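# Coordinate analysis (summary)
The primary structure of each chain is shown beneath.
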Amino acid sequence: MAMEQYGAILFSHFIFGSLIVAQQTSVNSKFEEISVEHPIHLVIPLPESDDFMNGKNPFLFSSHKVKPLADLALERVYQERILPNGSVNLIYRDSKLSDAIGPNVAVEQLLKKKLDCIIGYAYGYALAPVARMSPFWGNGIPIITPIGLTMSLDDKKEYQLMTRINSPYKVVSNAVSALFKSYDWKRHIFMFHHAKSPTIAVGECFLLMASLQHPLRTVSEIFKPRPVPSKLQSRK
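From a predicted model like this one, the values you see are computed outputs, not experimental measurements.

Contact pair helix H3 (residues 101-111) / helix H4 (residues 124-133): the axes reach a minimum separation of 8 Å and the direction vectors enclose 35 degrees. Of the residues in H4, those in contact with Gly102, Pro103 and Ala106 of H3 are Ala126, Pro129 and Val130. Each residue belonging to the contact of H3 with H4 can be placed in one class, and the counts come to five nonpolar, one polar and no charged.

Close approach of charged atoms allows side chains with opposite charge to pair. Evaluated as defined, the whole model comprises six salt bridges. A salt bridge links Lys96 to Asp94, with the nearest nitrogen and oxygen atoms 3.2 Å apart. A salt bridge links Asp154 to Arg164, with the nearest nitrogen and oxygen atoms 2.6 Å apart. In this pair, Asp154 sits in the loop between strand E4 (143-145) and strand E5 (162-164) while Arg164 sits in strand E5, placing the two residues ten residues apart along the sequence.

Once that is clear, we can look at the packing of aromatic side chains. Following the criterion strictly, the structure yields four aromatic pairs and no others. Between the aromatic rings of Tyr123 and Tyr125, the centroid separation amounts to 5.7 Å while the plane-to-plane angle is 55 degrees, which identifies the pairing as tilted. Judged by relative accessible area, which is 10%, Tyr123 ranks as buried. Among the aromatic side chains, those forming a connected cluster through ring pairs are Phe180, Tyr183 and Trp185.

All right, on to the nonpolar core then. Core analysis: the biggest nonpolar cluster contains 43 residues, and Val88, Ile118 and Tyr121 have the highest contact counts within it. Listing elements by their share of this core, those giving two or more residues are strand E1 (40-46), helix H2 (63-79), strand E2 (88-94), strand E3 (117-119), H4 and E4. When near neighbours in sequence (up to four residues on either side) are disregarded, Tyr121 contacts Pro45, Leu46, Ser95, Gly102, Pro103, Ala106, Ala126, Leu127, Val130, Thr145, Pro146 and Ile147.

Cut-off values and rules
Residues numbered from 1 in each chain as written. Predicted model: local features only at pLDDT ≥ 70, side-chain atom pairs only at ≥ 80, totals over all residues. Heavy atoms only, no water. Axes fitted to C-alpha atoms, helices over the stretch in contact; angles between N-to-C directions. Helix = DSSP H or I, 4+ residues; strand = E, 2+ residues; numbered from the N terminus. Contact = heavy atoms within 4.5 Å. Nonpolar A, V, L, I, M, F, W, Y, C, P; charged D, E, K, R; others polar. Salt bridge = Lys/Arg side-chain N within 4 Å of Asp/Glu carboxyl O. Phe/Tyr/Trp six-rings, centres within 6.5 Å; stacked < 30°, edge-to-face > 60°. Buried < 20%, exposed > 50% of the residue type's maximum accessible area, 1.4 Å probe, protein only. Core = buried A, V, L, I, M, F, W, Y, C linked by side-chain atoms within 4.5 Å.

Laid out in structure tokens, this is it:
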């Protein structure tokens with residue numbers, strides 16, 4: 001429950017922060033100033049249900065959890081007169097934890113010309129294609145997400161406008177690698193639970209271990225002892 005509350009609170013803070021950035025951008029750029037006539041459209045693609053759904057929603061996000069906090073963040077924006085009343089349009093879309101429907105939600109909003117920023121996604125396979133395409137939509141559509149922590153999404157050349165609000169797994173990987181180097185550890189065993197089934201998505205435990213695998217393999221190679229030449233080789 002603590003993780004769910006933490007994630008929802010993060011959503012509210014980043015909605016608030018993104019609105020402040022949007023206000024500064026509208027003042028200091030060639031774009032239309034944000035107003036009731038030219039509102040900013042924040043699309044929040046999340047499932048309506050917070051079920052685990054075969055591993056597709058590891059952090060149990062849902063629109064009904066996020067909406068109250070997002071509304072509070074928006075209320076604060078209006079109270080502090082960061083943006084005028086009615087100038088922000090929070091659009092909740094059901095991603096249905098689908099790697100087809102989730103990305104299509106963003107495409108539909110783009111076609112409607114009601115997409116300025118994406119805040120959300122609960123399923124990594126729905127997030128990844130949108131994060132790859134969003135830099136090429138108009139002037140670029142930023143994505144703020146609490147997921148996508150695996151190292152496969154670290155490449156900023158490919159995922160240019162994606163911001164993860166949780167620490168990515170590379171932080172854990174760097175810490176574990178430093179621990180191995182400090183204690184001169186040479187061997188390791190991964191132990192985690194992963195249900196092998198084509199109907200169940202790869203879990204966060206698997207993704208974390210996958211992010212650790214390559215750095216630890218590199219550390220093992222660094223400390224790998226050099227082979228001692230045999231007597232036969234030394235005679236030659």
